[in-house]
Amino acid sequence: MNRKTRIRAALVTATALVTAATVTVGVSAAGADHQPKKPTKKQIAALFDGWNKTLQTGDPEKVTDRYAKDAVLLPTVSNKIRTNHAEIEDYFDHFLLNKPVGTKTKTIINILDNNSAIDTGSYYFILTDPKTGEKRRVDARYTYEYEKRGGKWLIVNHHSSMMPEG
């Protein structure tokens, strides 16, 4: 190897080392401490548990607060698609009269990125008729799409439909 080739090889090696050091320093200086971490599947699953507990309060406003302002709700026991807070709260005004208690039977969670995830699967609700006190079970499929907005996980899309086969 002649002198020019050795100098060129040394410069290429030095440039690569400086680039690698810069990337490593950049990651440790701005890395995990400043970038949000991806949520765990357990954390996303817990969002349903919180929503379900909010149903138990019987307060449609508290339930609706778990939804983003621009959320869409395709509810289990209504044909109307709800596309704003007033419509979503109206649905829960009626649904909560049945004292719903939800139980998941199958859950599939996909973490999309640090601020979004999808929880889909099947669940059932035990509903209590407000007039007779009679209980009935409604089996359904669901999809919750969550986004972290302003540091808070909110439902941006919720689709729930009764199982087609009884």
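Remember, predicted model here, so these are calculated numbers, not experimental data.

(A) Molecular detail of the nonpolar core. One finds Trp51, Tyr67, Phe92 and Tyr144 to be the most contacted residues of the largest nonpolar core, which totals 28 residues. Put simply, the parts of the chain that give this core at least two residues each are α2 (41-56), β1 (67-74), α4 (85-95), β3 (116-128), β4 (135-149) and β5 (152-162). Those residues in contact with Tyr144 that lie beyond four places of it in its chain are Phe48, Trp51, Ala117, Ile118, Asp119, Tyr123, Ile155, Asn157 and His158.

(B) The arrangement of the pattern of salt bridges in detail. Applying the stated criterion across every chain, the model contains 5 salt bridges. Close ionic contact of Arg137 with Asp139 constitutes a salt bridge, the shortest N to O distance being 2.9 Å. The class for Arg137 is partly exposed, based on a relative accessible area of 46%. Assessed through its relative accessible area of 31%, Asp139 is described here as partly exposed. One connected set of salt bridges, linked through shared partners, spans Asp70, Glu147 and Arg149.

(C) Highlighting α4. Within the sequence span of α4, burial applies to His85, Ile88, Tyr91, Phe92 and Phe95. The buried side chains of α4 occupy one side of the element, clustering within an arc of 125° when seen end-on. Contacts from the buried residues of α4 go to α2, α3 (60-64), β1 and β3. The opening residue of α4 is Asn84, an N-cap whose side-chain oxygen sits 3.1 Å from the backbone nitrogen of Ala86.

(D) Molecular detail of unusual backbone geometry. With a phi close to 45°, Lys99 is a non-glycine residue in the positive phi region. The residue Lys99 is located in the loop between α4 and β2 (101-113) in this model.

(E) The arrangement of the confidence of the model for the chain in detail. For the chain, per-residue confidence averages 85 on the pLDDT scale, and residues scoring 70 or more make up 78% of the total. The model gives residues 4-32 a pLDDT under 50, and that stretch makes 5 contacts with residues more than four places away or in other chains.

(F) Highlighting the packing of aromatic side chains. For the structure shown, the criterion picks out 17 aromatic pairs. Look at Tyr91 and Phe92: their rings are 5.1 Å apart centre to centre, the planes differ by 75°, and that puts the pair in the edge-to-face class. Each member of the pair, Tyr91 together with Phe92, is buried. Plain terms: the ring middles of Tyr123 and Tyr144 are 6.5 Å apart, the flat faces sit at 80° to each other, and that makes the pair edge-to-face. Of this pair, Tyr123 sits in strand β3 while Tyr144 sits in strand β4; the two residues are 21 residues apart in sequence, bridging distant segments of the chain. By relative accessible area, Tyr144 is classed as buried at 0%. In this structure an aromatic cluster arises from ring pairing among Phe48, Trp51, Tyr67, Tyr91, Phe92, Phe95, Tyr123, Phe125, Tyr142, Tyr144 and Tyr146. Directly above the ring of Tyr124 sits Arg137, whose terminal nitrogen or CZ lies 3.6 Å from the centroid.

(G) Focus on the environment of Gln56. Along the chain, the position of Gln56 falls in helix α2. Each C-alpha atom, one on Gln56 and one on Pro100, is 7.3 Å from the other, the two residues being 44 residues apart in sequence. Discounting residues that sit within four places of it in the chain, Gln56 has contacts with Pro100 and Val101.

What counts and what doesn't
- Residues numbered from 1 in each chain as written.
- Predicted model: local features only at pLDDT ≥ 70, side-chain atom pairs only at ≥ 80, totals over all residues.
- Heavy atoms only, no water.
- Core = buried A, V, L, I, M, F, W, Y, C linked by side-chain atoms within 4.5 Å.
- Buried < 20%, exposed > 50% of the residue type's maximum accessible area, 1.4 Å probe, protein only.
- Helix = DSSP H or I, 4+ residues; strand = E, 2+ residues; numbered from the N terminus.
- Contact = heavy atoms within 4.5 Å.
- Salt bridge = Lys/Arg side-chain N within 4 Å of Asp/Glu carboxyl O.
- Arc of directions from axis to C-beta.
- Polar contact = N/O pair within 3.5 Å; in protein donor to acceptor, adjacent residues only side chain to side chain.
- pLDDT = per-residue confidence, 0-100.
- Phe/Tyr/Trp six-rings, centres within 6.5 Å; stacked < 30°, edge-to-face > 60°.
- Lys NZ or Arg CZ within 6 Å of the ring centre and 35° of its normal.

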